[in-house]
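Inside the fold
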Amino acid sequence: MADAEPPKRRQCGTMHVHHRLLATSPRYAEARQRIEEQAFRVEMGMAAAARPGCTEIPVVVHVVHKTPAQNISQAQIDSQIKVLNEDFRKQNADVANTPAPFAPLAADSRIQFKLATTDPSGNPTDGIVRKRTDRDGFNDNDDVKSDATGGSTAWPADQYLNMWVCQLTGGLLGYAQFPGGPAATDGVVITHTAFGTTGTAAPPFNLGRTATHEVGHWLNLRHIWGDDGDGCGGSDFVADTPNQGGSNFGAPTFPTISCNNGPNGDMFMNYMDYVDDIAMVMFTQGQASRMQAALDGPRAMIGSNIPCVGAKIPVKDTPKDAIKEGPKDQPKDLVKETPKDIPKDVIKEPPKDLPKDPPKDFPKDPPKEFPKDPPKDFPKDNPKDLVKEPPKDLPKDPPKDLPKDPPKDFPKDPPKEFPKDPPKEFPKDPPKDFPKDNPKDLIKEPPKEGHKDFPKDAIKDGPKDNPKDLVKEAIHDPQKDVFETPIDWPKSALEPPIDLPGIPGGPGGTPFVLATGQAAAAAAQQARAQAAASYQVLLSHYAQLHRRGMLDAQGLEGWRQAWAAYRQLGGA
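One structure accompanies this document, and this report is about it.

Scoring rules and cut-offs
Residues numbered from 1 in each chain as written. Predicted model: local features only at pLDDT ≥ 70, side-chain atom pairs only at ≥ 80, totals over all residues. Heavy atoms only, no water. Disulfide = S-S within 2.5 Å. Helix = DSSP H or I, 4+ residues; strand = E, 2+ residues; numbered from the N terminus. Buried < 20%, exposed > 50% of the residue type's maximum accessible area, 1.4 Å probe, protein only. Lys, Arg positive; Asp, Glu negative; His and termini not counted. Salt bridge = Lys/Arg side-chain N within 4 Å of Asp/Glu carboxyl O. Polar contact = N/O pair within 3.5 Å; in protein donor to acceptor, adjacent residues only side chain to side chain. Axes fitted to C-alpha atoms, helices over the stretch in contact; angles between N-to-C directions. Parallel < 35°, antiparallel > 145°, perpendicular 65-115°, else oblique. Left-handed = near helix turned anticlockwise from the far one by under 90°. Contact = heavy atoms within 4.5 Å. Nonpolar A, V, L, I, M, F, W, Y, C, P; charged D, E, K, R; others polar. Pairing = 2+ DSSP bridges. Right-handed = clockwise from strand over helix to strand, strands pointing away.

1. Quick notes on the state of the cysteines
Covalent bonding between the sulfur atoms of two cysteines is what defines a disulfide. In this structure the tally under the stated criterion is two disulfides. A disulfide bridge connects Cys54 with Cys308, and the sulfur atoms are separated by 2.0 Å. For the disulfide bridge between Cys54 and Cys308, the dihedral angle about the S-S bond is near 115°, and by the sign convention the bridge is right-handed. Here Cys308 lies in the loop between strand 7 (304–306) and helix 6 (332–336) and Cys54 lies in strand 1 (residues 54–65), a separation of 254 residues in the sequence. A residue is classified by how much of its surface remains accessible, and Cys54, at 0% relative accessible area, is buried.

Written as structure tokens, this is what we have:
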């Protein structure tokens, strides 16, 4: 049988594989939950990338062939490794084609690749496994990943990036498995006509970008439009990628507008869109951080640290107009695919053992206005546009059983001293009737707007790592520790879960000192107001997580601590 005609339009099977695993493996769903929690913490500045320098990942290429053409050459394989290194290190020449508004966002991901030199048994290898098959082609059901089904069995997933090159059918260019899936099928699959830049590689997918796209998935990146069809409610859980209405194909011209994202429009030149190879040229800084979070978490065992030779220094300051919209909403598909046998109220109802009555001191109405500018020294690695504009719409209906009359006035100056000992007891669980509706524009995917599959920023969506689909889709009987967080939260009841340096009198800040003169008083008042605005953003996010049932005991404690700090700053 002659080889099939090379595809002319990009098609990726990663999300199909993701949904199949969610529907069939509660273990995968639980793993994805934890992975997204960690990714969200990194984006929010609650955790930093742990790997210094660059990470070099050993690659094994499984060439599964039926025809001589499919048995691609060493030169074709080498050309693909070269492209991966250039793209992930921002050393590709065509990064210069990035439109000016997006250019400061282009990032060096600090990840490199090389063909393995030692096999799992410790023997020397060239990093290539060649297997002849009697199969005419493969799809995304993972048959190519096992000797028993006509493919080639994976090498240990915690030591190697497995890449299978074969004849894919159905117009597929490739697919990958997100972190958290079965080790036996972990890796990426590329059709031979879209692998590398020479040999059988055929236009418009002959520049090696299909592998760049799929390895991005393998490192936990989502499609840039959030996989919600042509809608504007999806999220890739990355804050610095604009909201986008569906995928782009071919070679679009700048700007391409969708979802009211003008004047700059879609970031179609991103590796995680569907454009032709010649049109995709960059990852963003947010995507690079998300990939580093994967290397610190689910892929912590793979790769080795090496110096970053020839690194291009990323631009820290993003043009104010580069991203006009806040984080996108969480992807619709994650909510739509809830397994039939999961109770409809699985998210709506908090744990049965939670206290029926909320804390008495929760205010009825949240503050209506806060300063537009965040503290100048807010953590640098948080999205810069996170707190520029406080939520425009706050929940209209507060909990019915909360005090009707909140304090009319708050002192202009915070207390000089804070209680040394935190309250001995806190309610174990937040109120059941906490406002169900969080401002829609707060969070993009823990995570592209809170994930197009997680929050782009902290407010539009829940934690990037807490996608709705992971809770609603496949967790039938989650273990009690499913939502336990892997890091320790602050021990003090008054210390917020993140540091906000420079808040006068606030936790983690410099002690408040009563100043004299109107100028000093005004500056102190402004700093407190800005800090309160930052905490309001964080509290809104906690409320949304609680509404979806995604806060464990530590998360609830963090919520209470943030609330206490907010009250001390004059909020409520």
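Read on for the rest.
2. Digging into the side chain of Arg51
The residue Arg51 is located in the loop between helix 2 (26–43) and strand 1 in this model. Among buried charged residues, Arg51 stands out as having no salt bridge; its nearest opposite-charge side chain is Asp296, 4.2 Å away. A distance of 3.4 Å separates polar atoms of two side chains, one belonging to Arg51 and the other to Thr55. Engagement of the side chain of Arg51 in a polar contact is seen with the backbone oxygen of Ala300, the distance being 3.0 Å.

3. Focus: unusual backbone geometry
Backbone torsion omega between Pro203 and Pro204 reads 10°, so that peptide bond is classified as cis. Topologically, Pro204 is positioned in the loop between strand 6 (188–191) and helix 4 (209–218). The step from Gly262 to Pro263 runs through a cis peptide bond, and the omega angle for that step is 5°. On the secondary structure map, Pro263 appears in the loop between helix 4 and helix 5 (285–296).

4. Re the packing of helix 3 (residues 74–88) against helix 4
Remark: helix 3 packs on helix 4, axes separated minimally by 9 Å, with the N-to-C direction vectors making an angle of 60°. In terms of axis orientation, helix 3 runs oblique to helix 4. When the axes of helix 3 and helix 4 are compared, the crossing they make is right-handed. Residues Gln80, Val83, Leu84, Asp87 and Phe88 of helix 3 lie in contact with helix 4, whose contacting residues are Arg209, Ala211, Thr212, Val215 and Gly216. Across the contact of helix 3 with helix 4, the residue classes tally to five nonpolar, three polar and two charged.

5. Side note on the pairing of strand 1
For strand 1, the tally of buried residues reaches twelve of twelve residues, placing the bulk of the element in the interior. Side chains Cys54, Glu56, Pro58, Val60, His62 and Val64 project from strand 1 onto one buried face, and the interleaved Thr55, Ile57, Val59, Val61, Val63 and His65 project onto a second face that is buried too. Direction of pairing for strand 1 relative to strand 7: antiparallel, over a ladder of three bridges. Bridging from a neighbouring strand, Cys54 pairs with Ile306 of strand 7. Of the pairings in the sheet, the one linking strand 1 to strand 2 (residues 111–115) comprises five bridges and is parallel in character. Paired with Val59 across the bridge in strand 2 is Leu115. Between strand 1 and its parallel partner strand 2, the chain crosses via helix 3, and the hand of that crossover is right-handed. By the bridge criterion, five bridges tie strand 1 to strand 4 (residues 161–166) in an arrangement that is parallel. Bridge pairing in strand 4 links Val60 to Asn162. Pairing between strand 1 and strand 3 (residues 128–132): five bridges, direction parallel. Looking across to strand 3, one finds that Val63 is bridged to Arg130.

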